[in-house]
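Residues per chain are reported as follows:
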Amino acid sequence: MDENAPKWRIEHSVSGLAGCQHADCRKAKAKISKGEFRIGTRTWIDTEQKYTYFWRHWGCATFHQITGLKKITGGKVENVPGFSTISLESQEQVRLAFDKGVVVDKEFKDIREDLAKDFSPVVSEIIHAISYKVDVCKRATGCRRLECQQAGSACKITKGELRMGFEVKYGQETTSWLYKHWKCITQYDLDSAKSALNDDSLKSWNELPAEYRDFVISSFDENQIVDPPKLNTEPPKLTRKRTRKYKGKEGAVGSNIKAIAKNENDGKNMDKTTKKRGVQEVDIGPSRRSPRKRTRFSSNSHEEVIQPRAGFEEYIAIQEENKS
């Protein structure tokens, strides 16, 4: 399904396979009968990487869905996607829902198998397009070729591939884009794109890379459909993660440390201040460590010079007197 398809849509069910998404209907595993009037919401399926519609019986429609339809149509009921394809009875129910803001008749079904038509064409030939474009795929989308649709997600147009787009009109004012791989287009599609380029109406032509433009022009000249070249894409640039270093406040060392604790009894905050304990200084005399060794260097040689600590000789003399 195209990513530009309408968010909400109404129609007569094309088959009896879809289940209703209402909570009670899901528990009962209730299906929407073929031809029954229903409302759908376009939803992105992350596991399958595609858009799809989830359906409800018209009687199970939510306030959000009715509000959404009014918003995308500007309050004009005739602009609702699929409005022109449903029966007159169903059109009247939609008008009542627009007036009241909710579904009026919860039991309304209006099963019309003669009006059950597929919303998205799956045929290879798209002859009702109102405009065309050739561009580079920005996000994976489905190809409208019949064989690719039957293959499912295994045959998607991947990011960076050359594709051809078809703008198709649904209803009175709603349009949507359908796409094909360039290699999947038909001769009719090729002629239509060539005619649009000659009329200067081929969209996204100026945004195409030069290699793709040359390839498309050569395809027009040779009147052949072949696989397009694969352009070399630059690898994504790796961004270096920056870390901020913590800088402590000036004067934090030796200052009072303040901690806030929660009192479990009254729930009030209390300040708990701890002060740095004073250190009692005791004179134990000169150090008993060995004298420092300093090395005197010269241009030719060096020698070690032992320099005693200040007061060390006096301390030794006092110790000798005490022994005697």
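For every chain, the first residue of the written sequence is number 1, and numbering continues from 1 onward in sequence order. Owing to the predicted nature of the model, reporting of local features is limited to residues with pLDDT of at least 70; listing and counting of side-chain atom pairs is limited to 80 or more, with chain, interface and lining totals taken over all residues. Water and hydrogen atoms were dropped before computing side-chain values, which therefore reflect all heavy atoms in the structure.

Asks: Teacher, can you tell me more about helix 3 (residues 88-100) here?
Replies: Within an α-helix, residues lying three or four positions from one another point in the same direction, as the helix has 3.6 residues per turn. The end-to-end C-alpha distance of helix 3, which contains 13 residues, comes to 19 Å, matching closely the 18 Å that a straight helix rising 1.5 Å per residue would cover. When accessible area is computed with a 1.4 Å probe and restricted to protein chains, residues below 20% of their type maximum are described as buried, those above 50% as exposed, and intermediate ones as partly exposed. Strands here mean DSSP runs of E at least two residues long; helices mean DSSP runs of H or I at least four residues long; both are numbered from the N terminus. Ser90, Gln91, Gln93, Val94, Ala97 and Phe98 are the residues of helix 3 that are buried. All buried residues of helix 3 project into a common sector of 160° when viewed along the axis, lining one side. For helix 3, exposure combined with an orientation more than 90 degrees from the buried face picks out Leu88, Asp99 and Lys100. Immediately beyond the C-terminal end of helix 3, within one or two residues, lies glycine 101, with a positive phi of roughly 90°. One less than the number of residues in a helix, times 1.5 Å, gives the span that helix is expected to have. For this quantity, the arc is that covered by the directions from the helix axis to the C-beta atoms.

Asks: Can you help me understand the side chain of serine 192 in this one?
Replies: Residue position: serine 192 is located in helix 5 (residues 187-198). Look at serine 192 and you get buried, because its relative accessible area is 12%. Within polar-contact distance, the side chain of serine 192 engages the backbone oxygen of tyrosine 188 at 2.8 Å. By the criterion applied in these results, polar contacts are pairs of N or O atoms within 3.5 Å in which, for protein atoms, one can donate a hydrogen and the other can accept it, and in which residues neighboring in sequence qualify only through two side-chain atoms.

Asks: When you look at the packing of aromatic side chains in this model, what are you seeing that I'm missing?
Replies: A ring pair, where both rings are aromatic, is described by two values, the distance of the centres and the angle of the planes. By convention, a stacked pair of Phe, Tyr or Trp rings (six-membered ring in the case of Trp) has centres within 6.5 Å and planes under 30 degrees apart, an edge-to-face pair has planes over 60 apart, and any other such pair is tilted. Applying the stated criterion across every chain yields a total of seven aromatic pairs. Relative to phenylalanine 166, the ring of tyrosine 132 has its centre 5.7 Å away and its plane inclined at 75°; by these criteria the two rings are edge-to-face. Taken together, the residues tyrosine 132 in strand 4 (residues 129-136) and phenylalanine 166 in strand 7 (residues 162-170) connect sequence positions 34 residues apart. Side by side, tyrosine 132 and phenylalanine 166 carry an identical accessibility label, which is buried. Members of the aromatic cluster, each reached through a chain of ring pairs, are Phe37, Trp58 and Phe108. A cation sits over an aromatic face here: arginine 38 above tryptophan 55, 3.7 Å from the ring centre. When the ring centre of tryptophan 44 is taken as origin, the NZ or CZ atom of arginine 139, which lies over that ring, is 5.3 Å away. We call a charge positioned over a ring when the NZ of a Lys or the CZ of an Arg lies within 6 Å of the ring centre and within 35 degrees of the ring normal.

Asks: Is there a simple way to explain the nonpolar core in this structure?
Replies: As a rule of thumb, soluble globular proteins bury nonpolar side chains together. Remark: nonpolar core denotes a set of buried residues (Ala, Val, Leu, Ile, Met, Phe, Trp, Tyr, Cys) joined through side-chain atoms within 4.5 Å. Residues Tyr132, Val134, Leu162, Met164, Phe166, Trp182 and Val216 are the most contacted members of the largest nonpolar core, which totals 21 residues. Any two residues whose heavy atoms approach within 4.5 Å at even a single point are treated as in contact. Not counting residues within four places of it along the chain, the set of residues in contact with methionine 164 comprises Tyr132, Lys133, Leu178, Tyr179, Lys180, Trp182, Ile185, Asp189 and Ala193.

Asks: What's the story with the side chain of aspartate 110 in this structure? I'm lost.
Replies: Inspection of the secondary structure puts aspartate 110 in the loop between helix 3 and strand 4. One buried charged side chain, aspartate 110, makes no salt bridge at all; its nearest oppositely charged neighbour is arginine 112, positioned 4.8 Å away. A distance of 2.4 Å separates the side chain of aspartate 110 from the side chain of serine 90, its partner in a polar contact. Discounting chain neighbours no more than four positions away, the residues touching aspartate 110 are His12, Gly35, Glu36, Phe37, Ser87, Glu89 and Ser90. Think of it this way: Lys and Arg go in the positive column, Asp and Glu in the negative one, and His and the chain ends go nowhere. Salt bridge, as used here, is a side-chain nitrogen of Lys or Arg placed within 4 Å of a carboxyl oxygen of Asp or Glu.

Asks: How do you make sense of the confidence of the model for the protein when you look at a structure like this?
Replies: Predicted coordinates in regions of low pLDDT should not be interpreted in detail. In the predicted model, the protein carries a mean pLDDT of 77, and 69% of its residues have values of at least 70. The secondary structure element of the protein with the lowest average pLDDT is strand 9 (residues 257-262), at 44, and the one with the highest is helix 3, at 94. Between residues 118-123, whose pLDDT stays under 50, and residues either more than four places distant or in other chains, the model counts 16 contacts. The quantity known as pLDDT measures the predictor's confidence residue by residue, on a range of 0 to 100. Residue range residues 249-284 is modelled with pLDDT below 50. Its contacts to residues more than four positions away, or to other chains, number 21 contacts.

Asks: Would you explain unusual backbone geometry in this entry?
Replies: Most peptide bonds adopt trans geometry, and most residues besides glycine take a negative phi value. The phi torsion at serine 204 lies on the positive side, around 65°, for a residue other than glycine. Residue serine 204 is classed as partly exposed on the basis of its relative accessible area of 26%. Backbone geometry places asparagine 223, a non-glycine residue, at a positive phi of 55°. Inspection of the secondary structure puts asparagine 223 in the loop between helix 6 (210-222) and strand 9.

Asks: Quick question: what am I supposed to make of the pattern of salt bridges here?
Replies: One side chain can pair with another of opposite charge once the charged atoms of both are near each other. Per the counting criterion, the structure on display carries 10 salt bridges. When the shortest N-O distance is used, the salt bridge between arginine 38 and glutamate 11 registers 2.5 Å. Here arginine 38 is found in strand 2 (residues 37-45), whereas its partner glutamate 11 is found in strand 1 (residues 8-12), with 27 residues between them in sequence. In this pair, the class of arginine 38 matches that of glutamate 11, namely buried.

Asks: Just to check I follow, could you spell out the sheet that holds strand 1 for this structure?
Replies: For two strands to be treated as a pair, DSSP must find no fewer than two bridges joining them. Strands sit in the order 1-2-3 across an open sheet of three strands; the sheet is antiparallel. Of all the strands in the sheet, the pair left with one neighbour each is strand 1 and strand 3 (50-57). For this sheet the average axis-to-axis angle between neighbouring strands, irrespective of direction, equals 35°. Taken together, the five bridges between strand 1 and strand 2 define a ladder with antiparallel strand orientation. Paired with arginine 9 across the bridge in strand 2 is glycine 40. Across the sheet, helix 2 (residues 63-73) lies against strand 1, strand 2 and strand 3, angled at about 105° from strand 1, the strand it touches most. Here an axis means a line fitted to C-alpha atoms, over the contact stretch when the element is a helix, while the angle between two N-to-C directions is reported on a 0 to 180 degree scale.

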